[in-house]
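# Working through the structure, step by step
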Amino acid sequence: MFLVRPIDGHPQEAGSARRQQGEVEASPEAVDVWVSELLLRFSGRRIAVALEQKRGALLCLLSKYAALVLYPVHPATVSRMRAALYPSQSKDDPKDADLLLDILLHHRKHLRRLDADTVETRKLQILVEDRQLVDQGTAYGNQLRAKLKLYFPQALRWLPDLHTVVAGEFLKRWPTLPLLQKARRETLEKFFHEHNCRSEERIRQRLEEIPQAVVATTDAAIVDSSVAMVRAMVDLLAVLCTHIAELDREIAATAAVHPELPILSSLPGAGPVMVPRLIAALGTQRQRFACASELSAATGIAPVMQSSGQSQWIHFRWACPKFGRQSFHEWAGHSLAKCTWAQAFYQEQIRKGKGHHAAVRALAFKWQRILFRCWQDHQPYDEEKYLAVLRQKGSPYAQAAA
């Protein structure tokens, strides 16, 4: 469902308040015909488009047209405006499209126009978020661990890391304890050596425990079904590990040529994993944020303050890009082991009664003010320069660093 408005005209034509409504099939061919008709109708002028998504198939279809100026609108905004104007809570697509156009016409100053960043930055943003395949691997590993606990718990002691190649090959070859106990000692010793298990003490301990182990259950229903699932999980983990490694190589290659790399790689605690994520979170469009406070609010690090009458309270920010907030939060946590003043700041927050994550979030808020200045000035972070400023101001963090 759509309603059309040229960016410098009226909803339909000059001097007319009538709105055109219709439907367009979500296919590249149909959208291309629709946009071509709009451009012909409005003489190639730029056209503002409000849509209820910031990413997705529709955004990809529309973003290739330079004449379209896209304004993503949060679904909650449309939902609350609908609830305010239509107390009956009736809902349909034409009504929502009309509300989107009203928001675009009368409240555009509250919307943020979608301006695409550079190709390298957008590619890095997609890659680092796709790397959340690691979470899928964790889920598969947990399922594998749960199945082994049912019928073969000894494997968890002998193979503590189920994501390794040796664990996968071991479970493929000997998925049950009886099969493992039938193998010769020399065969097992050779297997561990071939898979780079260099600790002779650990190999000897395993070889001594295997003949003495007792099966957890002899119920064929549990054992047979669990073996089938274990084999599936092992194969899935192997495939995931392969593709995660490929993603890591692609991320490293993209970040290595990114113009923001010298700034972000100078930060304490920002290693090969965090640097690409911080580049993706900041991007190259410095006009997006007028000050560090805007950066902190946009990334979800700054808390939300609410006040009414004589009461005032501060709470955690929920409406924000979760992955971006997680990136800054994790980087602040990593900086504790690399930066003495950050460690002193964290300890002070703990002494004030804050929990670990609240203290790390406060540190991330402080780091963002430093990072914002480095980013705006195109200058890498200089620890000695910052410590000199702290000493000049008489900050206790400078004394702790000394």
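Residues numbered from 1 in each chain as written. Predicted model: local features only at pLDDT ≥ 70, side-chain atom pairs only at ≥ 80, totals over all residues. Heavy atoms only, no water.

## Quick word on the overall build of the protein
On a plain count of helices and strands, the protein comes out with 20 helices and 7 strands. Over its C-alpha trace the protein gives a radius of gyration of 29 Å, far above what one expects of a compact globule, namely 21 Å for 402 residues. Summarising its shape, the C-alpha atoms of the protein cover approximately 90 × 60 × 50 Å along the three principal directions. Counting the 402 residues in the protein, one finds 40% classified as buried. In the protein, of all internal contacts separated by at least 6 residues, the share reaching a separation of at least 24 is 60%. Accessible surface, the protein as shown: approximately 22600 Å² in total, 54% of it carbon and sulfur. Positive and negative side-chain charges in the protein, numbering 53 and 42 respectively, have mean positions lying 6 Å apart. (Helix = DSSP H or I, 4+ residues; strand = E, 2+ residues; numbered from the N terminus. Rg over C-alpha atoms; globule rule 2.2 N^0.38 Å. Buried < 20%, exposed > 50% of the residue type's maximum accessible area, 1.4 Å probe, protein only. Contact = heavy atoms within 4.5 Å. Areas by Shrake-Rupley, 256 points an atom, 1.4 Å probe, with all protein chains shown as cover. Lys, Arg positive; Asp, Glu negative; His and termini not counted. Charge placed at Lys NZ, Arg CZ, Asp CG, Glu CD.)

## A closer look at helix H12 (residues 220-256)
The α-helix winds at 3.6 residues per turn, so residues separated by three or four positions along the chain end up facing the same way. In this model, H12 (37 residues) spans 53 Å end to end at C-alpha, consistent with the 54 Å of a helix rising 1.5 Å per residue. Sitting at the head of H12, Asp219 places a side-chain oxygen 3.0 Å from the backbone nitrogen of Ala221. (Expected span 1.5 Å × (residues − 1). Polar contact = N/O pair within 3.5 Å; in protein donor to acceptor, adjacent residues only side chain to side chain.)

## Observations concerning the pairing of strand E6 (residues 304-308)
Taken together, the 5 bridges between E6 and strand E7 (residues 311-315) define a ladder with antiparallel strand orientation. Looking at E7, one finds that Gln306 is bridged to Trp313. Linking E6 back to E7 in an antiparallel pair, the connection comprises 2 residues, with Gly309 at a positive phi of about 65°. (Pairing = 2+ DSSP bridges.)

## Digging into helix H19 (residues 383-392)
Looking at H19, one finds that the buried residues are Tyr386, Leu387 and Leu390. In an axial view of H19, the angular spread of the buried residues amounts to 100°, which keeps them on one side of the axis. Facing away from the buried side of H19, by more than 90 degrees, are the exposed residues Glu384, Lys385 and Gln392. (Arc of directions from axis to C-beta.)

## Focus on the pattern of salt bridges
All told, the structure shown has 13 salt bridges when counted by the stated rule. A salt bridge links Lys91 to Asp96, with the shortest nitrogen-to-oxygen separation between them at 3.2 Å. For Lys91, a relative accessible area of 53% puts it in the exposed group. For Asp96, a relative accessible area of 5% puts it in the buried group. (Salt bridge = Lys/Arg side-chain N within 4 Å of Asp/Glu carboxyl O.)

## Considerations on the packing of helix H8 (residues 165-173) against H12
Here H8 crosses H12 at 150°, and the two axes come no closer than 10 Å. When the interaxial angle is binned, H8 and H12 end up roughly antiparallel. Between H8 and H12 lies a crossing whose hand is left-handed. For the pair formed by H8 and H12, the contact residues are Gly168, Leu171 and Lys172 on the first element and Val230, Val234 and Asp235 on the second. (Axes fitted to C-alpha atoms, helices over the stretch in contact; angles between N-to-C directions. Parallel < 35°, antiparallel > 145°, perpendicular 65-115°, else oblique. Left-handed = near helix turned anticlockwise from the far one by under 90°.)

## Describing the environment of Gly269
Residue position: Gly269 is located in the loop between helix H13 (261-264) and helix H14 (274-282). For Gly269, a relative accessible area of 18% gives the class buried. C-alpha separation for the pair Gly269 and Glu29, spaced 240 residues apart in sequence, amounts to 48 Å. Excluding residues that lie within four positions of it along the chain, Gly269 makes contacts with Met274, Trp331, His334, Ser335 and Lys338.

## Section: the packing of helix H17 (residues 340-351) against helix H18 (residues 356-377)
Contact geometry for H17 and H18: axes closest at 9 Å, N-to-C directions at 140°. For the element pair H17 / H18, the angle class is oblique. Like other packed secondary-structure pairs, H17 and H18 cross with a definite hand, here right-handed. Mapping the contact onto sequence places Trp341, Ala342, Phe345, Tyr346, Gln349 and Ile350 in H17 and His356, Ala359, Val360, Ala362, Leu363, Lys366, Trp367 and Ile370 in H18. For the contact of H17 with H18, the class distribution of residues is 11 nonpolar, 2 polar and 1 charged. (Nonpolar A, V, L, I, M, F, W, Y, C, P; charged D, E, K, R; others polar.)

## Examining unusual backbone geometry
Phi angles above zero are rare outside glycine, and Asn196 is one such case at about 60°. Mapping Asn196 onto the fold places it in the loop between helix H10 (185-194) and helix H11 (200-212). The backbone of His378 shows a phi angle near 60°, a positive value even though the residue is not glycine. Within the fold, His378 resides in the loop between H18 and H19.

## Quick look at the side chain of Gln368
Tracing the chain through its elements places Gln368 in helix H18. A distance of 2.7 Å separates the side chain of Gln368 from the side chain of Ser296, its partner in a polar contact. Setting aside its immediate chain neighbours within four residues, Gln368 contacts Ala292, Leu295, Ser296, Thr299, Ile301 and Phe328.

## Observations concerning the pairing of strand E5 (residues 68-72)
Most of E5 sits inside the fold, with 5 of its 5 residues counted as buried. Neither face of E5 is left uncovered, since the one carrying Leu68, Leu70 and Pro72 and the one carrying Val69 and Tyr71 both have all their residues buried. Between the parallel pair strand E4 (residues 47-51) and E5, the chain is carried across by helix H2 (residues 57-63), and the sense of this crossover is right-handed. (Right-handed = clockwise from strand over helix to strand, strands pointing away.)

## Thoughts on the nonpolar core
Among the nonpolar cores identified, the biggest contains 49 residues, and Leu264, Trp331, Trp341 and Trp367 are the most heavily contacted of them. With 11 residues, H18 is the single largest residue contributor to this core. Judged by nonpolar contacts, the second largest core, of 32 residues, contains Val166, Ala213, Val227 and Leu240. (Core = buried A, V, L, I, M, F, W, Y, C linked by side-chain atoms within 4.5 Å.)

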